[in-house]
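Residue-level structural notes
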Protein chains: 2
Amino acid sequence: MTQPAVSRQVASLERKLGVGLFRRVPRGVEPTAAGAIAIEEARNVLDRLGTLQARMEAFADLRTGHVRISSFPSANTDFVPAAIRRFRDLYPGVEVSLVQGDVAGIRAGDVDLAMLTTWDTAPEEVVTVPLLDEEHWVALSEAHPLASLTTVPLRQLRADSWVEGSHPDCLGPLDILAEALGGPPRVGFTCEDWTGKQALVAAGMGVTIISTLAAAALRPGVVLRPTAPRLPSRGVLAATAPSQARSPATTAMLRVLTDLGASYR
Amino acid sequence: MTQPAVSRQVASLERKLGVGLFRRVPRGVEPTAAGAIAIEEARNVLDRLGTLQARMEAFADLRTGHVRISSFPSANTDFVPAAIRRFRDLYPGVEVSLVQGDVAGIRAGDVDLAMLTTWDTAPEEVVTVPLLDEEHWVALSEAHPLASLTTVPLRQLRADSWVEGSHPDCLGPLDILAEALGGPPRVGFTCEDWTGKQALVAAGMGVTIISTLAAAALRPGVVLRPTAPRLPSRGVLAATAPSQARSPATTAMLRVLTDLGASYR
DNA sequence: GAAAGCCATGCGCTTCATGCATACCAAACC
DNA sequence: GGTTTGGTATGCATGAAGCGCATGGCTTTC
C-alpha cells in the first residue's frame, strides 16, 4: 500500500468519525488522544480478525474438525478402524465418529462419508470413489470334510446348513449363490455379527460366505476356501458430498481411505 | 444488501478461507461447524469495531476529550474560570487544563487554545477569534484624593507611584500611558499578580491600571475610575489551530468562550 | 400439478480504492 | 541564505470489486 492511499484512508476515516486521529507535525504525523485510542482499538479488531482466520485455518489445515462415517459390518471388521487409526495419527485434532446411518444421511447432513459396496445403490447427488475390490470365500469349520480341499465346489455344499446375517451383504446376492449351489441355500441360522457367525461355523453348525474385508478377523477353527465356480467380486466404495461441499476433514478421510484401499490390492 | 450480494460474499469468503461455512439444505442454509465458529468470531469482530466507533463518538460527542488552555493573568481572574465552569457543566467528561505556554504552543502541539489580546502578535498559522473588547480604568485607593472624581484626569497622576507587573499587559502600552501622563510613569513597585497589585493600591502605595477582565475581582478599598483621556480599549481573542485541525473539545470550548464573551458586552 | 421459497449466476453498472506523478511545507544542512 | 531532504496532501487515470436486477434451477407445499 502506497503512502497516498494511506493518506486518503486516514482522511476519510477522520471525516467519517468526526474526530481528528493524527496531528500533522513538522516531521510527520502524530496520533492525537483519539488517534491513540483508535490505534489501540484497531489492533483489537485486527486481533479478532486474526483469531477468526486462525480458527478457520485450523479447519482447513485439519487441526480441528469432525468426520462422521457410516459403514457396514465387514468394513468395520478391520478396514475402517485401520483408516481411522491412520487418520488420527495424521490429524489428531480432528474428531472421527462412526455413526448409524446410510448413504442417505449425506444428503440429510447427518453423515459426511458413507461406506458402500457396488451391490448397494447410491443416490444421484453423492460422489462415490472406488476403494478396493474384494473377493468372497466360503468359510468352513476346520473339521469340515471339505476343509482339506484347496478349492471347494459349491455344489458339494448343497446340503449344508448356511449361516446368514440380516445385512444384505452377508451372503451376497442370494440368486448367484443359489445358482451355484443348484438350489436355494438351506439357512440354518441367522446371526447379526461376524463374530457370532464365525463362532457358529467353528462349532460346525454351518457354513457361510466371508469377504476379504471380513476375513481380516478370522477366528481360529475357521478356514476360508475359494469356490468353484468363483463367487463374484464386489467393489467397496466411499460416498461423500460433491467436492465443493466437502469439509476438509472429509476430503482428508477420503484420501486416507483410498490410500489404504490401494494398499489392499 | 440484497440476497445475491450476500450469496457472493459468503461464497468468496468460503473460497478465501478454504472452509465451507454453510451447508445448503432444502429450505435455506445452515452453518457448518466452522461456520458457527466463524459467526461467533465475526460477532466479536463487529463488537470490537463497535467499541472503536463508540469510543470515537465519545470524542465527537464531547463525552470525553481534553482541552489545554493557555491564558494570561487578567483573563484568569474571572473570564476563563467562568468559561471552564460553564464548559464542565455542559461537558463533564471532557478534561480541561490550564497550562503554561503561549500561542506558539498551538503549533507545537502543547496547547489547544490560547487566550490573546490585540496587543499580542499571533503567528500566521493560527486562527484567532475575537471574544470581547475590554476597557481600562485607573485603580486608586478609596482614600486617594482623586477617588471622589467620576473621571480621573491622567495628568493629575503624574506624580503618583505606579504599580506594574512583569507581564506586558499590566500597564498596557507604556508609551500611551506616558503620553497621557505627560511623561514616563514613576514605577514604585513591580508585582506579578493582581492580588498583590491591588493590595498595594489599597494600602495607598500607588496606583495602577486595571482592565475589564481583571476588574471582576476587585478588592475592597480599591476604586476604579475612567480616565481622561480614555485609555485605549483592548480586544481579547482566542487562538486555535485552523478548524479542520481542531479537536471537537477545542471547538466546543471556543464556542463557550465566544458565548461568554458576547455576554460581557 | 401448480405455486411459492430459496439459493446461485450472468450481466451491466457504479463506486471505491489504488498507484503514479506532483505540489507543497518545514526542517536540516552546506 | 539557498539548497536539499523528508514527509504529507492532491489531481488524474486506471483497475477492481461490489452491488442490484433479472433469471435459472431446485425443492417443498398446497
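These numbers were taken from a predicted model, which means no experiment stands behind them. (Residues numbered from 1 in each chain as written. Chains lettered and ligands numbered in written order. Predicted model: local features only at pLDDT ≥ 70, side-chain atom pairs only at ≥ 80, totals over all residues. Heavy atoms only, no water.)

**Structural notes on the interface of chain A and chain B**
Contacts between the two partners involve 26 residues from chain A, matched on the other side by 26 residues from chain B. Contact between chain A and chain B buries roughly 2,400 Å² in total, counting both sides, with carbon and sulfur atoms accounting for 69%. The tally of links from chain A across to chain B stands at four salt bridges. Put simply, Glu41(B) and Arg55(A) hold a salt bridge, and the shortest N to O gap is 3.0 Å. For the pair chain A and chain B, the interface holds four residue pairs in polar contact (both at pLDDT 80 or more). Mapped by element, the contributors of at least two residues to the side of chain A that touches chain B are α2 (33–60) and α5 (104–108) of chain A. Per-element tally for the side of chain A that touches chain B: the top contributor is α2(A), with 16 residues. Grouping the amino acids of the side of chain A that touches chain B by side-chain chemistry returns 16 nonpolar, four polar and six charged. (Contact = heavy atoms within 4.5 Å. Buried area = accessible area lost by both parts, 1.4 Å probe. Salt bridge = Lys/Arg side-chain N within 4 Å of Asp/Glu carboxyl O. Polar contact = N/O pair within 3.5 Å; in protein donor to acceptor, adjacent residues only side chain to side chain. Helix = DSSP H or I, 4+ residues; strand = E, 2+ residues; numbered from the N terminus. Nonpolar A, V, L, I, M, F, W, Y, C, P; charged D, E, K, R; others polar.)

**With respect to the protein's contact with DNA strand D**
Contacts to DNA strand D come from 15 residues, most closely from Ser7(A), Arg8(A), Arg24(A), Met1(B) and Thr2(B). Sugar plus phosphate, as a fraction of atoms of DNA strand D within 4 Å of the protein: 58%. A distance of 2.9 Å separates a base oxygen of DNA strand D from a polar atom in the side chain of Arg8(A). A class-by-class count of the residues in the surface near DNA strand D yields six nonpolar, five polar and four charged. (Near = heavy atom within 4 Å.)

**A short note on the domain arrangement of chain A**
All names here are of chain A. Assigned domains of chain A: these are domain 1 (3–60), domain 2 (66–133 + 235–263) and domain 3 (136–232). Contacts between the two partners involve ten residues from domain 2, matched on the other side by twelve residues from domain 3. Linking domain 2 with domain 3 are zero salt bridges, by the criterion used here. Across the contact surface, domain 2 and domain 3 share zero residue pairs in polar contact (both at pLDDT 80 or more). (Domains from an automatic or database assignment.)

**Comments concerning the environment of Ala202(A)**
All names here are of chain A. Tracing the sequence through the fold places Ala-202 in helix α7 (residues 194–202). Spatially, the C-alpha atom of Ala-202 lies 35 Å from that of Val-129, the residues being 73 residues apart in sequence. In contact with Ala-202, not counting residues within four places along its chain, are Ser-141, Arg-219, Pro-220, Gly-221 and Val-222.

**Overview of the protein's contact with DNA strand C**
Near DNA strand C, the surroundings consist of 15 residues, among which Met1(A), Thr2(A), Ser7(B), Arg8(B) and Arg24(B) are the closest. Considering the 4 Å shell around the protein, atoms of DNA strand C inside it are sugar or phosphate in 60% of instances. At a separation of 3.2 Å, a phosphate oxygen of DNA strand C approaches a polar side-chain atom of Gln9(A). Separating a phosphate oxygen of DNA strand C from a side-chain N or O atom of Arg24(B) is a distance of 2.3 Å. Contributing elements (two or more residues each) for the surface near DNA strand C: α1 (3–17) of chain A together with α1 (3–17) and β2 (28–31) of chain B. Here the residues of the surface near DNA strand C are counted per class, giving six nonpolar, five polar and four charged.

**Side note on unusual backbone geometry**
All names here are of chain A. Look at the link from Ala-228 to Pro-229: it is a cis peptide, with omega at -5°. In this fold, Pro-229 is placed in the loop between β13 (227–228) and β14 (234–240). The phi dihedral of Leu-62 is positive, around 65°, even though this residue is not glycine. Here Leu-62 lies in the loop between α2 and β3 (66–70). Residue Leu-62 is classed as buried on the basis of its relative accessible area of 11%. (Buried < 20%, exposed > 50% of the residue type's maximum accessible area, 1.4 Å probe, protein only.)

**Examining the side chain of Ser70(A)**
Residue and element names in this part refer to chain A. Turning to its location among the elements, Ser-70 is positioned in strand β3. Within the structure, the side chain of Ser-70 is placed 3.2 Å from the backbone oxygen of Gly-101, a separation counted as a polar contact. Not counting the four nearest positions on each side in its chain, Ser-70 is found in contact with Val-99, Gly-101, Asp-102, Val-111, Leu-113, Ala-114 and Met-115.

**Comments concerning the sheet that holds strand β5 (residues 113–117) of chain A**
Strand pairing within a sheet occurs via backbone hydrogen bonds; the two strands may be parallel or antiparallel. Residues and elements named next belong to chain A. Spatially, the five strands line up as an open sheet ordered β4-β3-β5-β14-β6, and their pairing is mixed. Both outer strands of the open sheet, β4 (95–98) and β6 (127–134), are each paired with one neighbouring strand and no more. Going across the sheet, the axis of each strand differs from the next one's by a mean of 25°, ignoring polarity. Of the strand pairs in this sheet, β3 and β5 are connected by two bridges, and their pairing is parallel. Directly across from Ile-69, in β5, lies its bridge partner Leu-113. Strands in contact with helix α4 (residues 79–90) are β3, β4, β5 and β6; relative to β4, the strand with the most contacts, it is inclined by about 170°. (Pairing = 2+ DSSP bridges. Axes fitted to C-alpha atoms, helices over the stretch in contact; angles between N-to-C directions.)

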